[in-house]
Structures are given as structure tokens and as C-alpha cells.
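# A look at the structure
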Amino acid sequence: MSAAAQLEQAGITIGHDQIVHCVGPWTLDYLQNLERELMSLSWPRSRELVCEAGHVTAMDTGGAVLLYRTVTQLRRQGRQVSVEGLRAEFAELLRMVSANWDRIEAAPPPKSDWLEQLSRFIADRARHVVTALGFIGESTVAVWRSLKRPSLIRWQALFRSLELDGFHALPITGLLAFLIGVVISYQGAEQLRKFGTNIFVVDLVGISLLREISPLIVAILIAGRSGSAYAAEIGTMKVTEELDAVQTIGLSPMQLLVLPRVFALMIALPLLTVYADGLGVFGGMLIASNLLNVSFTEFVSRFEEAVAVRHFLIGIVKAPFFAMIIALVGCYQGFQIRGGVDDVGRHTTTSVVQSIFLVIVFDALCSILLNWWDL
Amino acid sequence: MAIVENEKNVPIIEVNHVATRFGEAVVHRDVSLTIQRGEVFAIAGGNGCGKSTLMREIVGLLEPTSGSAKLFGMDSRLLRDGHPQEIHRRFGVMFQQGGLFSSLTLAENVAVPLKEHTKLSREIVHDIVALKIASVGLPADSAAKFPNELSGGMRRRAALARAIVMDPEVLFLDEPTAGLDPIIAAGFDELVLQLKALLGLTVVMVTHDLDSLWRISDRVAVLGNGTVLGIGTMQELSRSADPMIHEYFHGPRGRAAREQAVKREAHLGG
């Protein structure tokens, strides 16, 4: 065989003389073929095998592993196997493989079994519940302390958070609330016109927006906007050891980072909800006057009769609770970040999903309770 | 490793008049060097002199502002998005922070290049991965752990295992011993030498660890002022008249490292 042909293919064959011939480059590129050839090889019955490897032109770790694995399997079947003619540097590689073979066999199989994964998952969840409860307790204590001594509150951080999470959110929440008002009015218009009860668009827009939709929309928006930011900010601080620095300097991360954010959101969210109420109703009003011939004055006078103050109040009272959920979940997820920067992304996403989930669950519970109390 | 015949005499890495600017900041003004097959080549220099930047330019992660870096005779600018694969499987990079995929276990991390570039059976992949994990000195039970469960030194070793899993021709190491304790750092140096002897690697490392410069490097390029201040063996460089190189190697730490190296040689000689 010419040198060029040898370079092109690696092979393992059994000659008539019962000698196993290994030829060509035993490197990663060719191992797939070699593996296939090995599968289809029928080994001679003789108890002694000679492996002639003088024509192996190249060998890397993968090739050495394959060769050693094959030889070991044959030996386990009770045969005597000798490898002959291997070049010195390849033999060295083979020796390295054989020296480490025990550890290779001892290495755990690639996938852990499902039982282990399941128990890991359950243990993980359980640990999360415990740490979450711990966090809630810790923050409650911190809130209690700052209420007793308001001088502990970081006013500067609070106002900054109020600006970033409240004031800067005005354009987007306003626009969204306006559009939601437009959509509700539009969808209602079609149905109401059929019955000639155009004026009831006021009830539809007013009650649904004030009581349910604008607090929810604002909460969801803020969860995406601020909750995620809280998780990312605190998480990054954890990764860069800023949190540790805060603690060693003798400050409380709770007081410094969590409470200002919680208080700021609890102030901002009700205000944003009122603002969203206004713009949403305005959006509904525009559509009503254009599509349903309900003029602005008619709309406003009907609004006063139809929409009781309690609807507005229920919406506003829910908002601070939403805010607390969002801020606490965001901060909690931030503190949960362990490893590196990559963890930040995952926990940020989790914070948004969890806070929106909890907000909606809380809202549903409120609806049920209020229904019982006939409100 | 099938070395294509006509490549045998071409330098494995060629850097020609590379200049790099990030906005206003000038990192390299004019850097040229060649690295031959089989040597342990170190890129040294003070903080911020563009050592890592140069390495990133060689492996195609960054484009030089002007000039060119060639790896295996091919312009590194052409190494984009994993293409061409033939070139990418011929070098391995160990990053300073490890660059391990955090969602995968150590064993899965090491297996990534094998799984992506070859179609080997799971058994063989498992064997090769276990062998590499063992050969960088990691315990077998660490294979199932995730990167954030490993210590810094172990992460570094795991990253090395992943870098060499394809038996690359060139191994790039970015500050391999930074932040490691002296015993582990020395062990790491030994490991690199062992791997080089066994697999015939060419090693390119960015470091300012003077001990490891003395211990394992064949040649060293000292970067500074945006150019190569000096290039040669440690012996040659330590006699250099260039004031910056002199300060680099003859500061208190440089002297200590050199004395160590001299002692070790005397010890070996005796």
C-alpha cells in the first residue's frame, strides 16, 4: 500500500494468518469508520491474537482509546492479545491510556438515571420553598424595623427607585392603558350596537378598567420592567462581590437594596394605576364618541351614575400588594443567583414569570373574596 | 494528527504588523511575530499591554484594525462562526475564566467538541472524555458536577480538558496560572509540559507568571508600548538592555523567579 493511500483510510482487518492488521491513521477523523469495521469483525476463535500495528501512520488519544478498548474487550474474553510494531510515540500514548483505564471505567456513565434527576428536582424545589420563606420572614422583620425607626429608611435610594420605576414608566404605561381602553371599547361597540344599548359602553369600559384591567396591566408591565431589573441588579452585585462588600462594611443588604425598592414600588404602583385608569377611560371615550355616538358629556354623566367609587378603590387597593409581590420576587431572585453572570439571565427570567404568575393568582383570589362579600 | 505535508515548514502562527485600536485607545501599534510548530511560546507583558487581545486576534475572535494574524497559514479574519471547521478542530483555547458552559456538567462540557465534530459512539466519547478528565488530574466523581460546583482551579483544569479533547495541534492558554496557588500552578505547568510531550502540542500562552515563564516557555515575546519589545528565550531576554524588559524581569519578583529557575537547573544537573 502506498503512503498516500494509507493516509486516506484507517482500517482493522484479520488476515488469513489470524493476525489482526491495524493500518492507516487512527485519529478522530477516521474513528467512526474504524468503529463500524470493528462491529462487523468476526474475531478468530484462537486463544492467542497478535495485533500487528506497524502500519499505523498516525494516532491520537481517540485512536489509542479505541485500540485499548478493543484489546481489553478481547482479553476479557479470555484471550491473549499482544500489540506489536507500534511506533514508540504511539506506544507511549497507549501506555497513557492503559495507566488511566481504571479511572475511565470508574467514571460515571454519561446520563444520570431518571430517579436521581427526579429526586434532585424535588430536593431543589423544597430548598427553594424554604429559602423563599426565609426571605419573606427576613424582609418582614426589616419592614417592621424601618416602620419603628423611619430614620433607617434609605430615602435617597427610595426616591431614585421611585423615579426610575415610577416616573420613567409613565409614557409606556400611559400608552398601553390608552390602547387597552380603545380595544375594550371597540370590541364592546360591535355587540352593544346590535341591541341599541350604546350607552352601556361606559359601564363596560369603566368597571372593567378601573377594577381589574388597569391594575393588572400596570403590574404586568412593571414586573417586566422593574422586577427583572431588580433581579439583574442585585444578581450582578452578588456576582461582582458587591453584596459581600456591603455586608463587611456593616450595612444590611435588606435595608440598602430591598426595602427602598419595595416601598418605592408600593408608592408608585397605585399612582400609576390611577394614571392608567384616566388614560384608559379616555381611550374608551374617544371610540365611544366616534363609533357609538356617545358624546363626551353623555359619557361622563353616565360614568358618574354607573361606576361606583368602590370599583376604583378596589383597583387602587390591590396595586400596593401587586407591587410588594413584584419587588420581593425580583429581589429574592437576585439574591438566589449563585454561580456566574450566566445565572443572572436565568433568574431574571424566572423573576418576571413568577411575579406575573403570583400577581394573577393574587388577583383571582381577590375576585373570589370580593364576590363572597358582595362588593 | 495528520499534518499536511506542505504545511510542515510553514510557521504555525504568523502575526504581521498588527495594529489594534478600540476607539481612542491604542492597544497595538505594530506587532509582528511567528510561532513555530512544537514550541511553548509565551506572550508576556504588563497589565493592559494587549496580550489577551493579541491571542483573541490570532484565534479569530477579534479583528485587528490593520495588519493580519495567520493561523495554519490562514488569515484569522476568515475564522467566523465556526467556519471553516477543519481549522477550528485543530486548535483548542482555554479561557481565563474557563468559558465552561454553565448548563452542562463537566463531562458534557468536555464532550461538546467531540459530539459536534465527530460521529463517534457514546462509549468511545465517554472513554475519551473520562481519559481527558483523568489526564488533567480531576477526580472521576467531578465529571457529573456543574461548573458552579467546582473550585476555580478545577474549573481551569476542566477548561483545559475541553481544550485538548480533540487533540489539537495548537493549544492557546489565556493566563493559565493566574489566581492559582503556587502548588497547583506548578502542577499546571507540569501538566502542560506532559501534554506537549505526549500529544506533540504547540502551546501559545498568555501569562505574566514569571515562574511559569522560566519553567516551561521555549520562547517569550514581551509586549509593551504597542509593539514587541523583545522576543527570545528567557535567558536572552533577561540579558536584554531594553529598560522595560529589564524592569519586568529584574524587579524583585523577577529576580526571585530567576533564582528559583537557576537552582532547579543546578539541582537537575547535579
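Quick caveat: nothing in here was measured; it's all calculated off a predicted structure.

## Re the overall build of chain B
In terms of helices and strands, chain B carries ten helices and ten strands. Its C-alpha atoms give chain B a radius of gyration of 19 Å, near enough to 18 Å, the size a compact globule of 270 residues would have. Once the C-alpha set of chain B is aligned to its principal axes, its extents read approximately 55 × 45 × 40 Å. Residue burial in chain B is summarised as follows: out of 270 residues, 52% are buried. Carbon and sulfur atoms provide 52% of the accessible area of chain B, an area that totals close to 11,900 Å². Side chains of chain B carry 29 positive and 32 negative charges; the gap between the two charge centres is 1 Å.

## Digging into the interface of chain B and chain A
Counting residues at the interface gives 29 residues for chain B and 29 residues for chain A. Between chain B and chain A we count two salt bridges in total. Where chain B touches chain A, the interface holds six residue pairs in polar contact (both at pLDDT 80 or more). Only helix H3 (106-117), helix H4 (122-135) and helix H6 (182-199) of chain B provide two or more residues apiece to the side of chain B that touches chain A. Residue contributions to the side of chain B that touches chain A peak at ten residues, all from H4(B).

## Here we look at the pairing of strand S3 (residues 48-59) of chain A
Residues and elements named next belong to chain A. As paired elements, strand S2 (residues 19-26) and S3 share seven bridges and run parallel to each other. Across the sheet, the residue bridging to Pro25 is Ala58, located in S3. Taking the sense of rotation as the criterion, the β-α-β connection linking S2, helix H2 (residues 28-40) and S3 turns out right-handed. With five bridges connecting them, S3 and strand S4 (residues 80-84) associate as parallel partners. When the sheet's bridge partners are listed, Val50 is paired in S4 with Ser82.

## A word on the state of the cysteines
Any covalent bond linking the sulfur atoms of two cysteines counts as a disulfide. Residue and element names in this part refer to chain A. On inspection of all chains with the given rule, the structure shows zero disulfides over all chains. Free of any disulfide, Cys22 has its nearest cysteine sulfur in Cys51, 3.5 Å distant. Looking at Cys22, the relative accessible area reads 1%, which means it is buried.

## Here's the deal with the sheet that holds S3(A)
Residues and elements named next belong to chain A. Judged by pairing direction, the sheet is mixed, and its four strands sit side by side in the order S1-S2-S3-S4 without closing on themselves. Both outer strands of the open sheet, strand S1 (11-14) and S4, are each paired with one neighbouring strand and no more. With strand direction ignored, the average angle separating the axes of adjacent strands in the sheet is 20°. Contacts between H2 and the sheet are confined to S1 and S2, with S1 contributing the most and set at about 20° to the helix.

## Side note on the pattern of salt bridges
Residue and element names in this part refer to chain A. Enumeration according to the criterion identifies 22 salt bridges over all chains in this entry. Between Asp203 and Arg302 there is a salt bridge whose closest N-O contact spans 2.8 Å. With Asp203 in helix H9 (residues 201-239) and Arg302 in helix H12 (residues 296-306), this pair connects stretches of sequence that are 99 residues apart. Residue Asp203 is classed as buried on the basis of its relative accessible area of 18%. By relative accessible area, which is 17% here, Arg302 ends up buried. With its nearest N and O atoms 3.1 Å apart, the salt bridge here joins Glu212 to Lys318. Here Glu212 is found in helix H9, whereas its partner Lys318 is found in helix H13 (residues 309-336), with 106 residues between them in sequence. By relative accessible area, which is 21% here, Glu212 ends up partly exposed.

## Considerations on the pairing of strand S10 (residues 227-232) of chain B
All names here are of chain B. Across five bridges, strand S9 (residues 219-224) lies against S10 in antiparallel orientation. In the sheet register, Val220 faces S10, and the bridge partner there is Gly232. Where S9 hands over to S10, the hairpin turn is made up of two residues, of which Asn225 adopts a positive phi near 55°.

## Focus: the packing of H9(A) against helix H11 (residues 253-291) of chain A
At a minimum axis separation of 8 Å, H9(A) and H11(A) run at an interaxial angle of 145°. Considering only the axes of H9(A) and H11(A), their crossing is right-handed.

## Some thoughts on the environment of A:Leu28
Residues and elements named next belong to chain A. For Leu28, the position within the fold is in helix H2. Of the residues examined, Leu28 reaches a relative accessible area of 6% and is grouped as buried. Separated by 123 residues in sequence, Leu28 and Ser151 place their C-alpha atoms 68 Å apart.

## With respect to the confidence of the model for chain B
For chain B, per-residue confidence averages 84 on the pLDDT scale, and residues scoring 70 or more make up 95% of the total. Model confidence for the complex is summarised by a pTM of 0.71, with the ipTM given as 0.77.

## Some thoughts on the packing of aromatic side chains
Working definition: an aromatic ring pair is given by the centre-to-centre distance plus the angle between the planes. Summed over all chains, the structure comprises nine aromatic pairs over all chains. Plain terms: the ring middles of A:Phe178 and A:Phe282 are 6.0 Å apart, the flat faces sit at 35° to each other, and that makes the pair tilted. Pair noted here: A:Phe178 is in helix H8 (residues 170-195) and A:Phe282 is in helix H11, with a separation of 104 residues, a long-range link. For A:Phe178, a relative accessible area of 22% translates into the label partly exposed. A relative accessible area of 35% means that A:Phe282 is categorised as partly exposed. Between B:Phe91 and B:Phe172, the aromatic rings sit 5.9 Å apart at their centres with planes inclined by 90°, giving edge-to-face as the arrangement. Here B:Phe91, found in strand S6 (residues 91-94), pairs with B:Phe172, found in strand S7 (residues 170-174); they are 81 residues apart in sequence, far enough to count as distant.

Cut-off values and rules
- Residues numbered from 1 in each chain as written.
- Chains lettered and ligands numbered in written order.
- Predicted model: local features only at pLDDT ≥ 70, side-chain atom pairs only at ≥ 80, totals over all residues.
- Heavy atoms only, no water.
- Helix = DSSP H or I, 4+ residues; strand = E, 2+ residues; numbered from the N terminus.
- Rg over C-alpha atoms; globule rule 2.2 N^0.38 Å.
- Buried < 20%, exposed > 50% of the residue type's maximum accessible area, 1.4 Å probe, protein only.
- Areas by Shrake-Rupley, 256 points an atom, 1.4 Å probe, with all protein chains shown as cover.
- Lys, Arg positive; Asp, Glu negative; His and termini not counted.
- Charge placed at Lys NZ, Arg CZ, Asp CG, Glu CD.
- Contact = heavy atoms within 4.5 Å.
- Salt bridge = Lys/Arg side-chain N within 4 Å of Asp/Glu carboxyl O.
- Polar contact = N/O pair within 3.5 Å; in protein donor to acceptor, adjacent residues only side chain to side chain.
- Pairing = 2+ DSSP bridges.
- Right-handed = clockwise from strand over helix to strand, strands pointing away.
- Disulfide = S-S within 2.5 Å.
- Axes fitted to C-alpha atoms, helices over the stretch in contact; angles between N-to-C directions.
- Left-handed = near helix turned anticlockwise from the far one by under 90°.
- pLDDT = per-residue confidence, 0-100.
- Phe/Tyr/Trp six-rings, centres within 6.5 Å; stacked < 30°, edge-to-face > 60°.

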